[in-house]
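Chain by chain, the residues run as shown.
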Amino acid sequence: MTKLFEEFSPVSKQEWIEQATKDLKGEDFEKKLITRAIEGFSVFPFYTQDDLGGVEWLKAYQNKLNTPSEIPGMSPRIWGNVASIDTTDVTKANNEIKAVLENGADALVLEINSEVDFKALLKDVLPQYIQIWLKLSRLDSAIIKAFIDWFESKGLRSAELSGGVIANDFEQIVSLKGGKEAYFSSVGESFKLTLSYPNFKGICIDASLYHNSGGHAVEEIGFGLSQTIDVLDELTNAGADVSSVFDNMFLRVSSGVNYFMEIAKFRTFRVAMHKLAGLYAVELDPASFQIFAETSLWAQSPIDPYNNLLRNTTASMSAILGGCNALQIHSHNLSLQQPDNFSKRMARNISNILKEESYFDKVLDPVAGSYYLENLTSTLFAESMKLVKQTEENGGWWASLEKGIVQTAVKETRKTKFASLSNRKQVMVGVNQYVNQAEKVNFDFPEIEETEKELKSFSFCYPIVQMRKRVQKAFANSNSHLKVEVLPLGGNPKPRVGFTQGFFEAAGFELSVADTSLDASTAIEKAKNSDARFIVFAGADEDYEHMTAEIAKAMRQESKILVLAGYPAAQIETLLSSGIQHYIHLKTDLIATIDQLLDEAQL
């Protein structure tokens, strides 16, 4: 029987490029189709088998995402569905623990701020069947010891305890609020207390803050590895066995919505930790290394929060395909309020659906051998190693924190990302495009203050939220005139009318749009009679040429602020002299423009 693909001759990558160039009809292939990732490298529009030539070394890491289960019949791909539990009220927390374990969760994150009665908190819980992660407001050896004592009272084997200790004060540590000696001392204490429990990890290498503060994948991997090196050196200098330190480590990583980049990021972390272990002459099974994933706080938005369910889903898919061993999905309304039972259940169900209905657990490593992802992983690894080398040349991770190098790098990346949000090159659905006008949000969110050497968590939508906060305040202090009147001009106004609506809706303005296209005299009449403070003319460039200047001159005595949709370069001098000072188009910075309009309106 003839095989299908034998009927087709092989096509090289160069032939694909030549075909694409032909289809572009003379346009430059590189400028048109090759993108520049924020991580600093180029990404091709397609990859072929030819691209696997330089990444053959990654075959050693395929199908090494988790250790196979010893239980017959278990699916090959295993990850913990993590439910977060507030332990302030022990009785309430215990009831919630039992409820979530009966409804899809098989892992717990215990949010602990002070000493807790673990016997009461974990009453009727069988630890040998679940993962338990202690998320401590600071690394407190007394709390860890109390938990270990509770486990010992169960009479179970040490290998039956799974999970680890998460230090939730990493933001304070990176911002140099504690001090080097105190940090490494607390890590050492956690290491000693958990050393006898092979599946309960005491050393958390936290890369999540770099992500949630706006950093990119190379910074997350590079600074995460640099932290690992510092921890290894400090603990081994204090007498710890380097192999034991590696065995006691796990990674905490946030998963964002840049789908393929996030998959490659998780894979690169596992590869990099294995390579690093090799440099210390430690034989580390890549499949044995634990990665605790959580969905991105950076990608969460208080605006149109149900979109966060979709963001959580794609982030979860990336984390699972990339190789996480535990997955905490944050509630979709976390940025608005304390999560309720509904939002917590929705978060748990995302992981359950991906497992039970999408069958993500049926194949161990479905992206193994992908032309694109193997190349992306290799490139991320190479770029991350460059950053690790630079950090080591600067004295290491802690020294780079003290010099402000880490904080500055992440903040510069954040600044670039914020700019892409404001100029709408990067779309955040419901935030800077496709805004739900019917939604009512109280934008009374505090501003985040950050000193030079501090690094705090942000949301990607933070600048838009602050802009909406100013607009909302201006609405509260004014009357109905703080709306935008959109006047369609000429024969083809629809494209720019739509653009104008999307632009001002993203800022939270009320819009009034004329039903039909207007001639100059009708536009003047409607503009003068409108109770709107802002008047936007929307039409084609050829219509502007013989209409807009006439309209603007007729409006000079009116207390209106005139805006033109588009930027007809050949007419700009005439339009400016006639009184139109503001222009909105594809390259316009949304936030800067809204600020200018509100400033001019003295609002």
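Check the entry above for the structure.
What you see is a predicted model, and the numbers here were worked out from it, not measured in a lab.

Caption draft 1: Inspection of the overall build of the protein at higher detail. When you go through the protein residue by residue, the secondary structure sums to 22 helices and 16 strands. By the compact-globule yardstick of 25 Å for 603 residues, the protein fits well, its C-alpha radius of gyration being 28 Å. Dimensions of the protein along its principal axes, counting C-alpha atoms only, are 90 × 65 × 50 Å. Taking all 603 residues of the protein together, the buried fraction comes to 54%. Surface exposure of the protein reaches about 27,700 Å², of which carbon and sulfur atoms provide 50%.

Caption draft 2: Focus on the pairing of strand β6 (residues 162–167). The buried count for β6 comes to 5 of 6 residues, which makes it a mostly enclosed element. Bridge count for strand β5 (residues 131–136) against β6 is 6 bridges, and the pairing is parallel. Residue pairing in the sheet places K135 in a bridge with I166 of β6. Relative to strand β7 (residues 200–201), β6 runs parallel, the two being bridged by 2 bridges. From the neighbouring strand, G164 faces β7, where its bridge partner is K201.

Caption draft 3: Summary view of the nonpolar core. Ranked by size, the top nonpolar core spans 107 residues in total, and within it L110, F118, L122, L134, F147 and W397 carry the most contacts. Top contributing element to this core by residue count: helix α11 (residues 259–279), with 10 residues. Ignoring sequence-local partners within four residues, the contact set of F147 consists of F118, L122, I132, L134, L161 and F200. By size, the runner-up hydrophobic cluster in this structure holds 64 residues, among which are M467, F509, I591 and L597.

Caption draft 4: Broad picture of the packing of aromatic side chains. According to the stated counting rule, one finds 36 aromatic pairs in the structure shown. Summarising the aromatic geometry, the rings of W57 and F381 are spaced 5.4 Å apart at their centres and angled 55 degrees between planes, so their arrangement reads as tilted. You can see W57 sitting in the loop between β2 (42–43) and β3 (80–86) and its partner F381 sitting in helix α14 (residues 371–393), a full 324 residues away along the chain. Assessed through its relative accessible area of 29%, W57 is described here as partly exposed. Overall, the relative accessible area of 14% leaves F381 in the buried class.

Caption draft 5: The arrangement of the side chain of E374 in detail. One can find E374 in helix α14. Buried charge E374 goes without a salt bridge, the closest partner of opposite sign being R267 at 4.2 Å. Contacts of E374, omitting those with residues within four sequence positions, involve L52, V55, L58, Q62, R267, A368 and G369.

Caption draft 6: Seen up close, the environment of H582. As for its position among the elements, H582 is in strand β16 (residues 582–584). Residue H582 is classed as buried on the basis of its relative accessible area of 10%. Along the backbone, H582 and L564 are 18 residues apart, and their C-alpha atoms lie at a distance of 6.3 Å. Contacts of H582, omitting those with residues within four sequence positions, involve I561, L562, V563, L564, Q596, L597 and E600. Of note is the side chain of H582, whose polar atom sits 2.5 Å from the side chain of E600.

Caption draft 7: Summary view of the pattern of salt bridges. A full pass over the atoms with the stated rule returns 23 salt bridges. Among the salt bridges present, the one from K135 reaches E111, with a minimum N-O distance of 3.7 Å. One end of the pair, K135, is in strand β5; the other, E111, is in strand β4 (residues 107–112), with 24 residues separating them in the sequence. Overall, the relative accessible area of 5% leaves K135 in the buried class. By relative accessible area, E111 is classed as partly exposed at 24%. The salt bridge involving E262 is made with K265; its shortest N-O contact spans 2.7 Å.

Caption draft 8: Representation of the sheet that holds strand β11 (residues 326–328) within the structure. Strand order in the open sheet formed by 9 strands is β7-β6-β5-β4-β3-β11-β10-β9-β8, and the pairing between neighbours is parallel. Strands with a single pairing partner mark the edges of an open sheet, and in this sheet they are β7 and β8 (203–206). With 6 bridges joining them, strand β9 (residues 249–255) and strand β10 (residues 290–295) adopt parallel strand pairing. Residue pairing in the sheet places S254 in a bridge with E294 of β10.

Caption draft 9: Representation of the packing of helix α7 (residues 180–194) against helix α9 (residues 217–237) in the model. One can describe the packing of α7 onto α9 by two numbers: an axis separation of 10 Å at closest approach and a directional angle of 75 degrees. In terms of their interaxial angle, α7 and α9 are classed as roughly perpendicular. Residue-level inspection shows K180, Y183, F184, V187, G188 and F191 of α7 in contact with α9, the latter providing Q227, D230, V231, E234 and L235. Class assignment for the residues of the contact of α7 with α9 results in 6 nonpolar, 2 polar and 3 charged.

Caption draft 10: Up close: a nonpolar patch on the surface. A grouping of L4, F5 and F8 is seen on the molecular surface, where their side chains present a nonpolar patch of about 410 Å² in accessible area. Looking at where L4 falls in the secondary structure, it is placed in the segment before α1 (13–23).

Reading the values: the criteria
Residues numbered from 1 in each chain as written. Predicted model: local features only at pLDDT ≥ 70, side-chain atom pairs only at ≥ 80, totals over all residues. Heavy atoms only, no water. Helix = DSSP H or I, 4+ residues; strand = E, 2+ residues; numbered from the N terminus. Rg over C-alpha atoms; globule rule 2.2 N^0.38 Å. Buried < 20%, exposed > 50% of the residue type's maximum accessible area, 1.4 Å probe, protein only. Areas by Shrake-Rupley, 256 points an atom, 1.4 Å probe, with all protein chains shown as cover. Pairing = 2+ DSSP bridges. Core = buried A, V, L, I, M, F, W, Y, C linked by side-chain atoms within 4.5 Å. Contact = heavy atoms within 4.5 Å. Phe/Tyr/Trp six-rings, centres within 6.5 Å; stacked < 30°, edge-to-face > 60°. Lys, Arg positive; Asp, Glu negative; His and termini not counted. Salt bridge = Lys/Arg side-chain N within 4 Å of Asp/Glu carboxyl O. Polar contact = N/O pair within 3.5 Å; in protein donor to acceptor, adjacent residues only side chain to side chain. Axes fitted to C-alpha atoms, helices over the stretch in contact; angles between N-to-C directions. Parallel < 35°, antiparallel > 145°, perpendicular 65-115°, else oblique. Nonpolar A, V, L, I, M, F, W, Y, C, P; charged D, E, K, R; others polar. Patch = residues over 30% accessible without salt bridge, like charges linked within 9 Å, V, L, I, M, F, W, Y side chains within 5 Å.

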